[in-house]
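Secondary and tertiary structure notes
Each chain, letter by letter, is given below.
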Amino acid sequence: MTITDRSNAISARHPVLAVISLLLLCCSTLDATAQDDYERCQTQYGVSGVIEIDELTTIATSGDIEAQYCLGVALHDGKGVERNPTKAIEWYEKAGEKGHYASQYWLCLMYKDGIGAKVSSLEARYWCQRAGNSGNPEGMYAMGLWYLSSVIRDRDVRAYIWFLRAANAGEP
């Protein structure tokens, strides 16, 4: 039996899975890159396009949510500072706890993939759900993926609902 035959057999038995599979193939946008965010941070906190990490750290330490996020992005990607995903998580969490949905989204992905921390499905779900409930289309999509890969009852329906919410919020 070929992969196409298996896919058709599954689609015939599970139409919801067929729809979700189509969404995943056509609309997958979780190519987690923070480049756009870093460029925005450069504009906001940089001088001549260069972020002064010590100054950004001072601003972030004072409680500025956006600075906390930008410091997390710099540490996550190693932009202007040595790459340190564990420290990035610390700064993302500070901003995420205050409702910064992009921080929440990155925490969702980092805990899901074990970047800077041990893989934790519960932490990933917690942050994906916070991002999704904050109105972040990517967070909604990530919640759909979380449900799709889970073993809970009605997972297909729950995944579909999150994918639909993401699409309605603008996730392509």
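Overview of the structure. All values reported here derive from a predicted model rather than from experimental measurement.

The rules behind each value
- Residues numbered from 1 in each chain as written.
- Predicted model: local features only at pLDDT ≥ 70, side-chain atom pairs only at ≥ 80, totals over all residues.
- Heavy atoms only, no water.
- Helix = DSSP H or I, 4+ residues; strand = E, 2+ residues; numbered from the N terminus.
- Buried < 20%, exposed > 50% of the residue type's maximum accessible area, 1.4 Å probe, protein only.
- Contact = heavy atoms within 4.5 Å.
- Areas by Shrake-Rupley, 256 points an atom, 1.4 Å probe, with all protein chains shown as cover.
- Expected span 1.5 Å × (residues − 1).
- Axes fitted to C-alpha atoms, helices over the stretch in contact; angles between N-to-C directions.
- Parallel < 35°, antiparallel > 145°, perpendicular 65-115°, else oblique.
- Left-handed = near helix turned anticlockwise from the far one by under 90°.
- Nonpolar A, V, L, I, M, F, W, Y, C, P; charged D, E, K, R; others polar.
- Arc of directions from axis to C-beta.
- Patch = residues over 30% accessible without salt bridge, like charges linked within 9 Å, V, L, I, M, F, W, Y side chains within 5 Å.
- Salt bridge = Lys/Arg side-chain N within 4 Å of Asp/Glu carboxyl O.
- Disulfide = S-S within 2.5 Å.
- Core = buried A, V, L, I, M, F, W, Y, C linked by side-chain atoms within 4.5 Å.
- Polar contact = N/O pair within 3.5 Å; in protein donor to acceptor, adjacent residues only side chain to side chain.

Along the backbone of the protein there are 10 helices and two strands. Along the protein, helices (α) and strands (β) appear in the sequence α-α-α-β-β-α-α-α-α-α-α-α when read from the amino end. By residue count, 36% of the 172 residues in the protein fall in the buried class. Taking the contacts inside the protein whose residues are at least 6 apart along the sequence as the reference set, 52% of them involve residues at least 24 apart. Carbon and sulfur atoms provide 54% of the accessible area of the protein, an area that totals close to 9500 Å².

Next up on the list: helix H6 (residues 85-97). Over its 13 residues, H6 extends 18 Å from the first C-alpha to the last, a length consistent with the 18 Å expected when each residue adds 1.5 Å. Within the sequence span of H6, burial applies to Pro-85, Ala-88, Ile-89, Trp-91, Tyr-92, Ala-95 and Gly-96. Where H6 is buried, its residues touch helix H4 (53-61), helix H5 (65-77), helix H7 (101-113) and helix H8 (121-133).

Moving on to unusual backbone geometry. A positive phi is found at Asp-154, a non-glycine position, where the angle reads about 60°. Following the sequence through the fold, Asp-154 ends up in the loop between helix H9 (137-148) and helix H10 (155-168).

Time to look at the packing of H9 against H10. Two elements in contact, H9 and H10, have axes whose closest approach is 8 Å; the angle formed by their N-to-C orientations is 165°. Viewed along their axes, H9 and H10 adopt a mutual orientation that is roughly antiparallel. Where H9 crosses over H10, the handedness of that crossing is left-handed. Residues Pro-137, Met-140, Tyr-141, Met-143, Gly-144, Leu-145, Tyr-147 and Leu-148 of H9 form the contact with H10, whose participating residues are Arg-155, Asp-156, Arg-158, Ala-159, Trp-162, Phe-163, Arg-165 and Ala-166. Considered class by class, the residues forming the contact of H9 with H10 number 11 nonpolar, one polar and four charged.

Once that is clear, we can look at H4. For H4, every residue scored as buried is listed here: Ile-53, Leu-56 and Ala-60. Summarising the axial view, the buried residues of H4 lie within an arc of 60°, below the 170-degree limit, and thus occupy one face. More than 90 degrees from the buried face of H4, the exposed residues found are Asp-54, Thr-58 and Thr-61. Elements that come into contact with the buried residues of H4 comprise helix H3 (35-45), strand S2 (50-51), H5 and H6.

Below, the discussion takes up a nonpolar patch on the surface. Taken together, the side chains of Val-157, Tyr-160, Ile-161 and Leu-164 make up a nonpolar region of the molecular surface, amounting to roughly 340 Å² of accessible area. Accessibility expressed as a relative area gives 34% for Tyr-160, which makes it partly exposed.

On to the state of the cysteines. Scanning the model with the defined rule gives two disulfides in all. For Cys-41, the disulfide goes to Cys-70, at an S-S distance of 2.0 Å. Looking along the S-S bond of the Cys-41-Cys-70 disulfide, the torsion reads about -80°, which is the left-handed sense. Residue Cys-41 is found in helix H3, and its partner Cys-70 is found in helix H5; the two are separated by 29 residues along the sequence.

This paragraph deals with the nonpolar core. Among the nonpolar cores identified, the biggest contains 42 residues, and Leu-56, Tyr-69, Leu-71 and Tyr-92 are the most heavily contacted of them. Secondary structure elements with two or more residues in this core: H3, H4, H5, H6, H7, H8, H9 and H10. Apart from the residues lying within four places of it in its own chain, the contact partners of Leu-56 are Tyr-45, Ile-51, Ala-67, Cys-70 and Leu-71.

A few words now on the side chain of Ser-150. Tracing the backbone shows Ser-150 in the loop between H9 and H10. In this structure the side chain of Ser-150 is engaged in a polar contact, spanning 2.8 Å, whose partner is the backbone oxygen of Tyr-147.

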